[in-house]
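Coordinate analysis (summary)
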Amino acid sequence: GGGAQGGMCGSLKYDLFADLVWRSDSVIKPFEEAFPADRLFVGETDGSSFPNGGLRVTHAAAAFTTWDRGSPPFVHDDVLYIPCCFITHLGTSIDAKTPLLRSSDAVNRQALRLLKAMGKAPKATACYNYLGWEQEFFVVPAALHRARPDLVNCGRTLIGRLPTMHQQSELHYFAPVPLRVQELMTKIQEKMLLVGNPMTVKHNEVAPGQHEMCPIFSISNASADSNVFFMQVAREEAAKLGLVVLFHEKPFKGINGSGKHCNWSVGTDTGINFFHPGKTADSLEIYVAGIACLAYGLRKHNELVRCAVAHAGNDHRLGAQEAPPAIISLYPGPKFEAHVDSIIAGGPLTGLNIEKKMIDPGSRNTMAVPAGVEDRNRTASFPHCGNRFEFRGVGSSQNCAMPVAICNVVFASGCAALAGLLEGGMSLRDAVAKMFKENREVIFTGNGYSKEWPAEAVKRGLPNLTTTPSAARTFNTDRAKALFKELGIFEAEEVDARAELMFEDYCTIVSTEALTLIKMVDTGILPACAKDLASFAGAPFLVGDRLETYKAIKVENDLLKELVATHQNGSLEAEAFFLCETVKPQMEKVRSLVDKAEELTNAEYYPYPTYEALVYSHHS
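To start, this report covers the structure provided alongside it. (Residues numbered from 1 in each chain as written. Predicted model: local features only at pLDDT ≥ 70, side-chain atom pairs only at ≥ 80, totals over all residues. Heavy atoms only, no water.)

Structural notes on the overall build of the chain
The criterion, for reference: Helix and strand assignments come from DSSP, with helices taken as H or I runs of at least 4 residues and strands as E runs of at least 2, each series counted from the N terminus. Our radius of gyration looks at C-alpha atoms and nothing else; its globule reference is 2.2 Å times the residue count to the power 0.38. Exposed residues in this analysis have more than 50% of their type's maximum accessible area, buried residues have under 20%, and partly exposed residues fall in between, with area computed by a 1.4 Å probe over protein chains only. Note on definitions: a residue-residue contact is assigned when non-hydrogen atoms from the two residues lie within 4.5 Å. Per-residue accessibility takes into account occlusion by the displayed protein chains alone, with areas from the Shrake-Rupley method and a 1.4 Å probe.
From N to C terminus, the chain includes 19 helices and 16 strands. Compactness check: the chain gives a C-alpha radius of gyration of 26 Å against a globular reference of 25 Å for 620 residues, within 12% of the reference. Principal-axis analysis of the C-alpha atoms gives the chain an extent of 90 × 85 × 60 Å. Considering the chain as a whole, with its 620 residues, one finds that 54% of them fall into the buried category. For the chain, contacts bridging at least 24 residues in sequence account for 75% of all contacts bridging at least 6. In the structure as shown, the chain presents an accessible area of about 27,100 Å², 56% of it carried by carbon and sulfur atoms.

Following this line, the structure appears as structure tokens:
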């Protein structure tokens with residue numbers, strides 16, 4: 001969630017294909033090329049050096065990798081990559097993959113249970129969950145990246161003014177991709193194709209210097225692995241071209257940030273999709289029941305879904321008129337919302353008109369366009385997209401595994417609840433109506449960017465957890481622990497560990513940003529201000545408000561130093577709230593003054609590459 005370079009999203013452990021020749025009689029045995037079968041399946045390492053929330057310590061450090069056999073191994077640069085889970089000596093999870101696999105098992109159990117209780121799909125023997133990710137990112141020149149301590153240490157700029165031309169003309173989305181970036185994306189596409197992950201979409205994004213690539217969807221665990229590998233390949237190929245890929249959610253203030261929309265669905269091995277209405281009455285009933293289960297999960301466990309995308313980088317993005325708000329709601333479409341109300345009022349489950357309409361462009365040169373049943377809502381946190389739901393709140397630097405795991409958890413909880421009603425003797429229509437009635441508040445088909453929505457959400461009882469600390473404190477409640485335990489996802493200690501890690505990660509990121517900003521001001525900005533001020537010695541009437549601005553930078557930066565020096569007390573939770581509510585606002589004060597100074601200071605003295613250079617200089 002910090003967006004910095006390195007293995008924050010996925011980790012690697014390299015083993016050589018070599019072993020001792022055990023049959024040799026020599027005391028010092030020779031070695032040979034070998035790959036014992038047991039190495040394919042398991043490995044052992046030190047778990048205490050990984051973030052683990054107290055589940056591992058130096059004197060009890062053992063942890064093990066175990067092959068995820070549902071995610072194919074692949075070869076890259078003469079290295080065999082074996083996708084793994086990572087668990088401790090006690091069997092507790094300290095990775096993102098394990099909860100995803102456990103949640104997939106929960107979906108399989110509960111979805112099959114529900115279908116059986118409904119009397120549907122008798123030939124189905126398994127239910128799978130699928131993921132198609134949309135990876136957004138920025139590309140900047142490597143030389144300029146190295147000259148920005150904030151980008152190197154934090155993954156985002158802590159100071160900087162927008163160029164006069166940024167995204168106000170909205171020309172970037174379908175403009176031709178700059179040639180160097182096109183070359184980069186082609187290289188990435190080639191590498192991903194070699195390992196069996198074709199990237200089917202590549203284009204510019206809304207902000208200058210921002211781009212997107214997407215693959216064909218796949219089973220969630222394999223798809224999540226492919227995304228981690230994509231991020232690695234993107235950085236490797238960018239380095240060869242003198243570029244750097246930025247995965248931070250908000251590298252540049254004032255222009256759009258980056259997300260990683262997760263298109264998620266659940267279906268059987270017989271081809272039934274819970275989120276597609278199909279063409280029969282049975283498939284439509286499964287579709288309606290599936291959305292009722294999702295509404296149940298999102299309403300009952302709303303905070304967990306918010307926690308799945310809560311981290312320092314994403315706090316800059318959620319609710320900023322470029323991403324869904326921090327309020328988690330369900331968008332099934334206005335027509336379906338009306339259908340929900342009809343069901344609650346006593347109507348049938350199959351009363352929904354699912355016929356697609358044809359849009360006439362009004363020209364004899366063009367053909368009519370088959371449109372979806374519902375319109376697209378880019379302001380929704382969980383919109384329906386024809387045959388799947390799109391979790392739009394996922395941050396661009398995140399591993400997909402945990403957000404999708406939580407999607408699985410809330411859906412499985414809904415399946416269990418609906419199956420329980422049916423097994424208790426309630427009719428399918430009445431059970432679905434009950435589910436919709438009790439969770440109607442989570443369905444919202446309006447404008448998620450509107451000023452009225454947060455107030456309306458409060459009336460509906462939906463939480464609006466606008467910061468990571470406020471979300472993280474809800475992760476390990478007794479209700480959450482009971483849910484995770486019931487579905488076989490986490491034991492209580494694992495839940496507590498992950499809550500601690502959320503606070504720890506937040507504190508680490510914001511502290512690093514504050515210290516980096518202080519250093520950039522002290523060693524770069526203030527000396528530049530002094531030079532600039534001295535240059536007006538012969539023309540003091542041109543100084544304007546430079547002196548007051550430069551003085552204010554020194555005063556506010558010194559205050560930031562004092563705050564940073566005093567924040568390391570108390571619990572991680574208390575520290576996180578202090579950083580969020582006290583340190584970050586002070587950082588913004590420093591930034592606003594520094595950005596004003598950038599406008600005033602002679603460009604020759606300004607010490608860091610500007611936004612204009614970062615987002616445009618590699619386009620020619």
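What to know about the sheet that holds strand β7 (residues 84–88)
As a general point, the strands of a sheet are linked pairwise by backbone hydrogen bonds and lie either parallel or antiparallel. The line we're drawing: For two strands to be treated as a pair, DSSP must find no fewer than two bridges joining them. Each axis is a line fitted through C-alpha atoms, and for a helix only the stretch in contact is used; angles between axes span 0 to 180 degrees, taken between their N-to-C directions.
Spatial strand order, β3-β4-β7: three strands in an open sheet with antiparallel pairing. Of all strands in the sheet, those bounded by a partner on one side alone are β3 (42–46) and β7. Taking the axes of each pair of neighbouring strands and ignoring which way they run, one obtains an average angle of 25° across the sheet.

Quick look at the packing of aromatic side chains
Our working rule: By convention, a stacked pair of Phe, Tyr or Trp rings (six-membered ring in the case of Trp) has centres within 6.5 Å and planes under 30 degrees apart, an edge-to-face pair has planes over 60 apart, and any other such pair is tilted.
Inspection of the entire model under this criterion finds 26 aromatic pairs. With a centroid separation of 5.0 Å and 90° between ring planes, the pair formed by Phe275 and Phe389 is classed as edge-to-face. In this pair, Phe275 sits in the loop between β13 (260–268) and α7 (281–300) while Phe389 sits in strand β16 (residues 389–391), placing the two residues 114 residues apart along the sequence. Judged by its relative accessible area of 0%, Phe275 falls in the buried class. An angle of 75° between the planes, with centres 5.5 Å apart, marks the rings of Tyr287 and Phe336 as edge-to-face.

What about the pattern of salt bridges?
Pairs may arise between side chains of opposite charge once their charged atoms sit close together. What counts is decided by this rule: When a carboxyl oxygen of Asp or Glu is within 4 Å of a side-chain nitrogen of Lys or Arg, the pair counts as a salt bridge.
One pass over the structure, following the stated rule, counts 31 salt bridges. The shortest N-O distance in the salt bridge between Asp341 and Arg440 comes to 2.7 Å. Pair noted here: Asp341 is in helix α10 (residues 334–344) and Arg440 is in the loop between α12 (428–438) and α13 (452–460), with a separation of 99 residues, a long-range link. Asp341 sits in the partly exposed class, given a relative accessible area of 35%. Salt bridges here are not isolated pairs; linked through shared partners, they connect Asp522, Lys554, Asp558 and Lys561.

As for the side chain of Ser470
The following threshold applies: Any pair of N or O atoms that falls within 3.5 Å is considered a polar contact. Within protein, one atom must be able to donate a hydrogen and the other to accept it, and sequence-neighbouring residues count only if both atoms are side-chain atoms.
Counting through the fold element by element, Ser470 comes out in helix α14 (residues 468–472). Among the residues examined, Ser470 registers a relative accessible area of 17% and is labelled buried. At a separation of 2.8 Å, a polar atom in the side chain of Ser470 contacts the main-chain carbonyl oxygen of Thr467. Those residues in contact with Ser470 that lie beyond four places of it in its chain are Leu465 and Phe577.

Considerations on the packing of helix α16 (residues 492–534) against helix α17 (residues 546–566)
Selection rule: Small angles under 35 degrees read as roughly parallel and large ones over 145 as roughly antiparallel, with 65 to 115 read as roughly perpendicular and the rest as oblique. Crossing chirality is assigned from the near helix's rotation relative to the far helix, an anticlockwise turn below a right angle marking it left-handed and a clockwise turn marking it right-handed. Just so you know the grouping, Ala, Val, Leu, Ile, Met, Phe, Trp, Tyr, Cys and Pro go in nonpolar, Asp, Glu, Lys and Arg go in charged, and all remaining residues, Gly too, go in polar.
At a minimum axis separation of 10 Å, α16 and α17 run at an interaxial angle of 160°. With respect to α17, the element α16 is oriented roughly antiparallel. For the element pair α16 and α17, the recorded crossing hand is left-handed. Where α16 abuts α17, its residues Ala514, Leu515, Leu517, Ile518, Val521, Asp522, Ile525, Leu526, Cys529, Asp532 and Leu533 lie against Arg546, Leu547, Tyr550, Ile553, Lys554, Asn557, Leu560, Lys561 and Val564. Tallied by class, residues from the contact of α16 with α17 come to 14 nonpolar, one polar and five charged.

Quick look at a nonpolar patch on the surface
The condition that has to hold: Surface patches are defined over residues having more than 30% relative accessible area and no salt bridge, joining like charges when they lie within 9 Å and nonpolar side chains (Val, Leu, Ile, Met, Phe, Trp, Tyr) when within 5 Å.
Judged by side-chain polarity, Phe17, Phe35, Val75 and Leu80 come together as a nonpolar surface patch covering roughly 320 Å² of accessible area. Tracing the chain through its elements places Val75 in strand β5 (residues 74–76). The class for Val75 is exposed, based on a relative accessible area of 52%.

Quick look at the environment of His261
Position of His261 among the secondary structure elements: in strand β13. Among the residues examined, His261 registers a relative accessible area of 6% and is labelled buried. Distance from His261 to Thr467, taken between C-alpha atoms, is 20 Å for residues 206 residues apart in sequence. Ignoring sequence-local partners within four residues, the contact set of His261 consists of Gly132, Trp133, Glu134, Glu136, Arg317, Glu390, Phe391 and Arg392.

Section: α13
Keep this limit in mind: Here the arc refers to the set of directions running from the helix axis out to each C-beta atom.
By the burial criterion, the buried members of α13 are Trp453, Ala457 and Arg460. For α13, the arc enclosing every buried residue in end-on projection is 60°, short of the 170-degree limit, so these residues lie on one face. For α13, the exposed residues set more than 90 degrees away from the buried face come down to Glu452, Val458 and Lys459. Residues of α13 that are buried in the fold lie against α7. Gly461 sits one or two positions beyond α13 and adopts a positive phi of about 80°.

A closer look at the environment of Gly524
Inspection of the secondary structure puts Gly524 in helix α16. For Gly524, a relative accessible area of 6% gives the class buried. Remark: the alpha-carbon pair of Gly524 and Pro607, spanning 83 residues in sequence, is separated by 5.6 Å. Residues in contact with Gly524, not counting those within four places in the same chain, are Lys519, Pro607 and Tyr608.

Regarding the pairing of strand β4 (residues 62–67)
Residue alternation in β4 divides its side chains into a buried set, Ala63, Thr65 and Trp67, and an unburied set, Ala62, Phe64 and Thr66. Taken together, the five bridges between β3 and β4 define a ladder with antiparallel strand orientation. Note that in β4 the partner of Glu44 across the bridge is Phe64. Two elements, β4 and β7, share five bridges in a ladder whose sense is antiparallel. Bridging from a neighbouring strand, Trp67 pairs with Cys84 of β7.

Notes on helix α15 (residues 478–487)
For α15, the set of buried residues is Ala480, Lys481, Leu483, Phe484 and Leu487. Relative to the axis of α15, the buried residues are bounded by an arc of 160° and lie together on one face. Seen from the buried face of α15, the exposed residues on the opposite side, beyond 90 degrees, are Asp478 and Glu486. Packing partners of the buried residues in α15 comprise α2 (97–118), α8 (302–307), α11 (401–423) and α16. Gly488 occupies a position one or two residues after α15 and carries a positive phi of about 75°.

Section: unusual backbone geometry
Its identity as a non-glycine residue notwithstanding, Asp77 has a phi of 50°, on the positive side. Summarising the element assignment, Asp77 is placed in the loop between β5 and β6 (79–81). Unusually for a residue other than glycine, Ala121 sits at a positive phi of about 50°. Its place among the elements puts Ala121 in the loop between α2 and β8 (127–141).

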